[in-house]
Amino acid sequence: MGFATNMRMIALSAAIGLGLAAQATTAKAAGTETLLVAGGCFWCVEADFESVKGVKEVVSGFAGGSVKNPTYKQVVAGGTGHYEAAQIQYDPAVVSADQLLSMFFRSVDPTDAGGQFCDRGDSYRTAVFASGAQKAAAQKAKADAQAALGQTIVTPILDAAQFYPADAYHQDYYKGNKLVLTRFGPKKQASAYNAYRDACGRDQRVKQLWGTDAPFAS
(Lines give C-alpha, C1' and ligand atoms only; values in the text may rest on other atoms or scores of the structure.)
Protein backbone atom coordinates (compact mmCIF):
# COMPACT_ATOMS: atom_id res chain seq x y z
CA MET A 1 0.00 0.00 0.00
CA GLY A 2 1.49 3.35 -1.06
CA PHE A 3 2.07 6.41 1.10
CA ALA A 4 -0.84 8.33 -0.46
CA THR A 5 -3.20 5.41 0.08
CA ASN A 6 -2.05 5.13 3.70
CA MET A 7 -2.73 8.81 4.28
CA ARG A 8 -6.21 8.51 2.76
CA MET A 9 -6.98 5.54 5.03
CA ILE A 10 -5.76 7.45 8.09
CA ALA A 11 -7.85 10.49 7.14
CA LEU A 12 -10.90 8.30 6.57
CA SER A 13 -10.45 6.57 9.95
CA ALA A 14 -10.09 9.94 11.68
CA ALA A 15 -13.24 11.26 9.99
CA ILE A 16 -15.19 8.17 11.04
CA GLY A 17 -13.88 8.53 14.60
CA LEU A 18 -14.90 12.17 14.76
CA GLY A 19 -18.31 11.32 13.34
CA LEU A 20 -18.89 8.63 15.96
CA ALA A 21 -17.75 10.98 18.72
CA ALA A 22 -20.13 13.66 17.49
CA GLN A 23 -22.97 11.15 17.39
CA ALA A 24 -22.18 10.03 20.94
CA THR A 25 -22.14 13.65 22.15
CA THR A 26 -25.45 14.35 20.43
CA ALA A 27 -26.99 11.20 21.91
CA LYS A 28 -25.78 12.16 25.38
CA ALA A 29 -27.20 15.68 25.01
CA ALA A 30 -30.48 14.29 23.71
CA GLY A 31 -30.74 12.18 26.87
CA THR A 32 -30.78 15.23 29.14
CA GLU A 33 -33.54 17.80 29.58
CA THR A 34 -33.82 20.64 32.07
CA LEU A 35 -36.53 22.00 34.33
CA LEU A 36 -36.14 25.36 36.04
CA VAL A 37 -38.01 25.98 39.28
CA ALA A 38 -37.89 28.27 42.29
CA GLY A 39 -38.83 26.70 45.60
CA GLY A 40 -37.41 28.91 48.30
CA CYS A 41 -33.93 28.02 49.55
CA PHE A 42 -32.12 26.52 46.58
CA TRP A 43 -30.03 24.28 48.85
CA CYS A 44 -33.22 22.47 49.81
CA VAL A 45 -34.55 22.11 46.26
CA GLU A 46 -31.16 20.78 45.18
CA ALA A 47 -31.05 18.26 48.04
CA ASP A 48 -34.61 17.10 47.35
CA PHE A 49 -34.37 16.56 43.62
CA GLU A 50 -30.88 15.07 43.53
CA SER A 51 -32.44 12.13 45.39
CA VAL A 52 -34.84 11.43 42.49
CA LYS A 53 -33.98 8.54 40.19
CA GLY A 54 -33.35 9.90 36.71
CA VAL A 55 -32.17 13.30 37.90
CA LYS A 56 -28.56 13.72 36.85
CA GLU A 57 -27.74 16.99 38.59
CA VAL A 58 -29.36 20.01 40.18
CA VAL A 59 -27.61 23.38 40.00
CA SER A 60 -28.40 26.17 42.47
CA GLY A 61 -28.67 29.66 41.04
CA PHE A 62 -30.88 32.58 40.12
CA ALA A 63 -33.52 33.36 37.47
CA GLY A 64 -36.33 35.73 36.62
CA GLY A 65 -34.62 39.05 37.25
CA SER A 66 -33.08 41.86 35.22
CA VAL A 67 -29.51 41.85 36.58
CA LYS A 68 -26.97 39.83 34.61
CA ASN A 69 -24.67 37.49 36.53
CA PRO A 70 -26.05 38.48 39.95
CA THR A 71 -24.27 37.64 43.18
CA TYR A 72 -25.98 35.96 46.11
CA LYS A 73 -25.68 39.16 48.17
CA GLN A 74 -27.33 41.19 45.42
CA VAL A 75 -30.26 38.79 45.14
CA VAL A 76 -31.01 38.43 48.84
CA ALA A 77 -30.67 42.19 49.32
CA GLY A 78 -33.56 42.66 46.89
CA GLY A 79 -34.11 44.79 43.82
CA THR A 80 -32.71 42.38 41.20
CA GLY A 81 -36.04 40.68 40.51
CA HIS A 82 -34.33 37.29 40.71
CA TYR A 83 -35.63 34.20 42.45
CA GLU A 84 -33.39 31.63 44.09
CA ALA A 85 -33.79 28.92 41.47
CA ALA A 86 -32.73 25.36 40.77
CA GLN A 87 -31.97 23.95 37.35
CA ILE A 88 -32.91 20.27 37.35
CA GLN A 89 -31.10 18.22 34.70
CA TYR A 90 -32.79 14.88 34.12
CA ASP A 91 -33.11 11.87 31.83
CA PRO A 92 -36.64 11.91 30.36
CA ALA A 93 -36.36 8.17 29.67
CA VAL A 94 -36.25 7.60 33.44
CA VAL A 95 -38.32 10.42 34.94
CA SER A 96 -40.71 12.76 33.13
CA ALA A 97 -41.28 16.48 33.42
CA ASP A 98 -44.83 15.69 34.56
CA GLN A 99 -43.51 13.61 37.46
CA LEU A 100 -40.93 16.23 38.46
CA LEU A 101 -43.50 19.02 38.34
CA SER A 102 -45.92 17.03 40.48
CA MET A 103 -43.15 16.46 43.02
CA PHE A 104 -42.17 20.11 42.92
CA PHE A 105 -45.60 21.44 43.86
CA ARG A 106 -45.80 18.92 46.72
CA SER A 107 -42.34 19.83 48.02
CA VAL A 108 -43.14 23.50 48.71
CA ASP A 109 -45.88 25.67 50.18
CA PRO A 110 -47.47 26.91 46.92
CA THR A 111 -50.07 28.90 48.86
CA ASP A 112 -47.44 31.35 50.18
CA ALA A 113 -46.81 34.42 47.99
CA GLY A 114 -44.33 36.07 50.35
CA GLY A 115 -41.51 33.54 50.43
CA GLN A 116 -41.06 30.03 51.75
CA PHE A 117 -41.16 28.89 55.36
CA CYS A 118 -38.75 31.02 57.46
CA ASP A 119 -37.26 32.69 54.37
CA ARG A 120 -39.22 35.80 53.47
CA GLY A 121 -38.95 38.16 50.53
CA ASP A 122 -39.23 38.13 46.75
CA SER A 123 -36.12 36.03 46.13
CA TYR A 124 -37.65 33.13 48.08
CA ARG A 125 -40.97 32.99 46.20
CA THR A 126 -41.95 29.90 44.24
CA ALA A 127 -42.23 29.74 40.46
CA VAL A 128 -41.81 27.49 37.43
CA PHE A 129 -39.98 28.87 34.39
CA ALA A 130 -40.93 27.11 31.17
CA SER A 131 -41.99 27.40 27.55
CA GLY A 132 -43.82 25.31 24.97
CA ALA A 133 -44.90 21.82 25.97
CA GLN A 134 -43.15 22.10 29.31
CA LYS A 135 -45.12 25.24 30.15
CA ALA A 136 -48.37 23.44 29.33
CA ALA A 137 -47.25 20.56 31.56
CA ALA A 138 -46.50 23.02 34.37
CA GLN A 139 -49.93 24.61 34.09
CA LYS A 140 -51.55 21.17 34.24
CA ALA A 141 -49.43 20.18 37.23
CA LYS A 142 -50.44 23.38 39.00
CA ALA A 143 -54.15 22.74 38.32
CA ASP A 144 -53.83 19.14 39.50
CA ALA A 145 -52.02 20.21 42.66
CA GLN A 146 -54.65 22.87 43.40
CA ALA A 147 -57.45 20.33 43.01
CA ALA A 148 -55.62 17.87 45.27
CA LEU A 149 -54.83 20.49 47.92
CA GLY A 150 -58.17 22.25 47.85
CA GLN A 151 -56.50 25.64 48.30
CA THR A 152 -55.47 28.41 45.92
CA ILE A 153 -51.98 27.92 44.56
CA VAL A 154 -50.17 31.20 43.95
CA THR A 155 -47.02 29.77 42.36
CA PRO A 156 -46.79 31.43 38.92
CA ILE A 157 -45.89 29.64 35.70
CA LEU A 158 -43.52 32.11 34.08
CA ASP A 159 -41.84 32.24 30.68
CA ALA A 160 -38.49 30.51 30.29
CA ALA A 161 -35.75 32.66 31.79
CA GLN A 162 -31.98 33.00 31.75
CA PHE A 163 -30.43 30.92 34.54
CA TYR A 164 -27.34 32.09 36.40
CA PRO A 165 -25.52 29.49 38.54
CA ALA A 166 -24.68 30.58 42.07
CA ASP A 167 -21.12 30.60 43.40
CA ALA A 168 -19.41 27.22 43.78
CA TYR A 169 -19.78 27.14 47.57
CA HIS A 170 -23.58 27.03 47.18
CA GLN A 171 -23.48 23.89 45.01
CA ASP A 172 -24.13 20.63 46.89
CA TYR A 173 -24.09 22.61 50.12
CA TYR A 174 -26.29 19.98 51.76
CA LYS A 175 -23.50 17.38 51.62
CA GLY A 176 -20.41 19.57 52.01
CA ASN A 177 -17.69 18.96 54.60
CA LYS A 178 -16.32 22.49 54.87
CA LEU A 179 -16.51 23.99 58.37
CA VAL A 180 -18.77 27.06 58.48
CA LEU A 181 -19.84 29.42 61.25
CA THR A 182 -23.59 29.42 61.84
CA ARG A 183 -26.00 30.74 64.45
CA PHE A 184 -25.86 27.20 65.83
CA GLY A 185 -22.07 27.44 66.19
CA PRO A 186 -19.27 26.05 63.95
CA LYS A 187 -20.56 23.14 61.88
CA LYS A 188 -19.72 21.22 58.76
CA GLN A 189 -21.87 22.32 55.84
CA ALA A 190 -24.01 19.17 55.85
CA SER A 191 -24.75 19.56 59.56
CA ALA A 192 -25.38 23.29 59.15
CA TYR A 193 -27.79 22.56 56.31
CA ASN A 194 -29.73 20.00 58.35
CA ALA A 195 -29.95 22.37 61.33
CA TYR A 196 -31.14 25.20 59.07
CA ARG A 197 -33.75 23.06 57.32
CA ASP A 198 -35.18 21.83 60.61
CA ALA A 199 -35.23 25.29 62.20
CA CYS A 200 -36.84 26.80 59.12
CA GLY A 201 -39.78 24.40 59.38
CA ARG A 202 -39.74 23.35 55.73
CA ASP A 203 -40.58 19.68 56.20
CA GLN A 204 -43.06 20.38 58.98
CA ARG A 205 -45.08 22.78 56.83
CA VAL A 206 -44.93 20.58 53.72
CA LYS A 207 -46.20 17.59 55.70
CA GLN A 208 -48.95 19.74 57.19
CA LEU A 209 -50.09 20.71 53.70
CA TRP A 210 -49.53 17.53 51.72
CA GLY A 211 -49.42 14.72 54.26
CA THR A 212 -48.29 11.43 52.75
CA ASP A 213 -48.23 13.01 49.26
CA ALA A 214 -45.15 15.04 50.25
CA PRO A 215 -42.30 13.33 48.34
CA PHE A 216 -39.33 14.56 50.37
CA ALA A 217 -40.46 15.67 53.83
CA SER A 218 -39.08 13.34 56.47
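Residues numbered from 1 in each chain as written. Predicted model: local features only at pLDDT ≥ 70, side-chain atom pairs only at ≥ 80, totals over all residues. Heavy atoms only, no water.

**Digging into the overall build of the protein**
Here comes step 1: When helices and strands are counted, the protein shows 7 helices and 10 strands.
Here comes step 2: For the protein, the proportion of its 218 residues judged to be buried stands at 43%.
Here comes step 3: With an accessible surface of roughly 11300 Å², the protein has 55% of that area assigned to carbon and sulfur atoms. (Helix = DSSP H or I, 4+ residues; strand = E, 2+ residues; numbered from the N terminus. Buried < 20%, exposed > 50% of the residue type's maximum accessible area, 1.4 Å probe, protein only. Areas by Shrake-Rupley, 256 points an atom, 1.4 Å probe, with all protein chains shown as cover.)

**Remarks on the side chain of Asp 48**
Here comes step 1: With respect to the helices and strands, the residue Asp 48 is situated in helix 2 (residues 42-49).
Here comes step 2: Overall, Asp 48 belongs to the buried group, its relative accessible area being 5%.
Here comes step 3: Side-chain polar atoms of Asp 48 contact the side chain of Arg 197, separated by 3.0 Å.
Here comes step 4: With residues up to four places along the chain from it excluded, the contact list for Asp 48 reads Ser 107, Arg 197, Arg 202 and Phe 216. (Polar contact = N/O pair within 3.5 Å; in protein donor to acceptor, adjacent residues only side chain to side chain. Contact = heavy atoms within 4.5 Å.)

**So, unusual backbone geometry**
Here comes step 1: Here the phi dihedral of Asn 69 falls at roughly 50°; this positive angle occurs in a residue that is not glycine.
Here comes step 2: Its place among the elements puts Asn 69 in the loop between strand 2 (55-63) and helix 3 (72-77).
Here comes step 3: You can call Asn 69 exposed: its relative accessible area is 59%.
Here comes step 4: Even without being a glycine, Asp 172 presents a positive backbone phi close to 55°.
Here comes step 5: For Asp 172, the location among the structural elements is in the loop between strand 8 (163-165) and strand 9 (179-182).
Here comes step 6: Using a relative accessible area of 28% as the deciding quantity, one classes Asp 172 as partly exposed.

**Some details on the pairing of strand 3 (residues 83-90)**
Within a regular strand, the side chains alternate between the two sheet faces.
Here comes step 1: Extensive coverage of strand 3 is indicated by the burial of 7 of its 8 residues.
Here comes step 2: Where strand 1 (residues 33-39) meets strand 3, 5 bridges bridge the pair, whose relative direction is antiparallel. By the bridge assignment for strand 3, Leu 35 is matched with Ile 88.
Here comes step 3: Direction of pairing for strand 2 relative to strand 3: antiparallel, over a ladder of 8 bridges. Each residue of the ladder has a partner; that of Ala 63, found in strand 3, is Tyr 83. (Pairing = 2+ DSSP bridges.)

**Some remarks on the packing of aromatic side chains**
Here comes step 1: Counting across every chain of the model gives 8 aromatic pairs.
Here comes step 2: For the ring pair Phe 42 and Tyr 72, a centre distance of 6.2 Å and an interplane angle of 40° mean the geometry is tilted. With Phe 42 in helix 2 and Tyr 72 in helix 3, this pair connects stretches of sequence that are 30 residues apart.
Here comes step 3: Judged by its relative accessible area of 23%, Tyr 72 falls in the partly exposed class.
Here comes step 4: Ring geometry for Phe 49 versus Phe 216: centroids 5.1 Å apart, planes at 65°, classification edge-to-face. Highlighted residues: Phe 49 in helix 2 and Phe 216 in the segment after helix 7 (202-210), separated in sequence by 167 residues. (Phe/Tyr/Trp six-rings, centres within 6.5 Å; stacked < 30°, edge-to-face > 60°.)

**Brief notes about helix 5 (residues 132-149)**
In an α-helix, one full turn covers 3.6 residues, which means residues spaced three or four apart are oriented alike.
Here comes step 1: Taking 1.5 Å per residue as the helical rise, helix 5 with its 18 residues ought to reach 26 Å, and the 26 Å between its terminal C-alpha atoms agrees with that figure.
Here comes step 2: Among the residues making up helix 5, those that are buried are Gln 134, Lys 135, Ala 137, Ala 138, Ala 141, Ala 145 and Leu 149. For helix 5, the buried positions fall inside an angular range of 155° around the axis, keeping them on one side. In helix 5, the exposed positions that point more than 90 degrees away from the buried face belong to Gly 132, Ala 133, Lys 140 and Ala 147.
Here comes step 3: As for helix 5, its buried residues are in contact with strand 1, strand 3, helix 4 (97-105), strand 6 (126-130), strand 7 (157-159) and helix 7.
Here comes step 4: Directly beyond the C-terminal end of helix 5, a positive phi value near 75° is found at Gly 150. (Expected span 1.5 Å × (residues − 1). Arc of directions from axis to C-beta.)

**With respect to the sheet that holds strand 1**
By way of backbone hydrogen bonds, the strands of a sheet pair with one another, either parallel or antiparallel.
Here comes step 1: The strand order across the open sheet formed by 6 strands is 7-6-1-3-2-8, and the pairing between neighbours is mixed. Only two strands of the sheet have a single partner each, and these edge strands are strand 7 and strand 8. If you compare each strand with its neighbour and ignore which way they point, the axes differ by 40° on average.
Here comes step 2: Here helix 2 sits on the sheet and contacts strand 1, strand 2 and strand 3; the angle it forms with strand 2, its principal contact strand, is near 165°. (Axes fitted to C-alpha atoms, helices over the stretch in contact; angles between N-to-C directions.)

Spatial relationships are all this shows, so hold off on functional conclusions.
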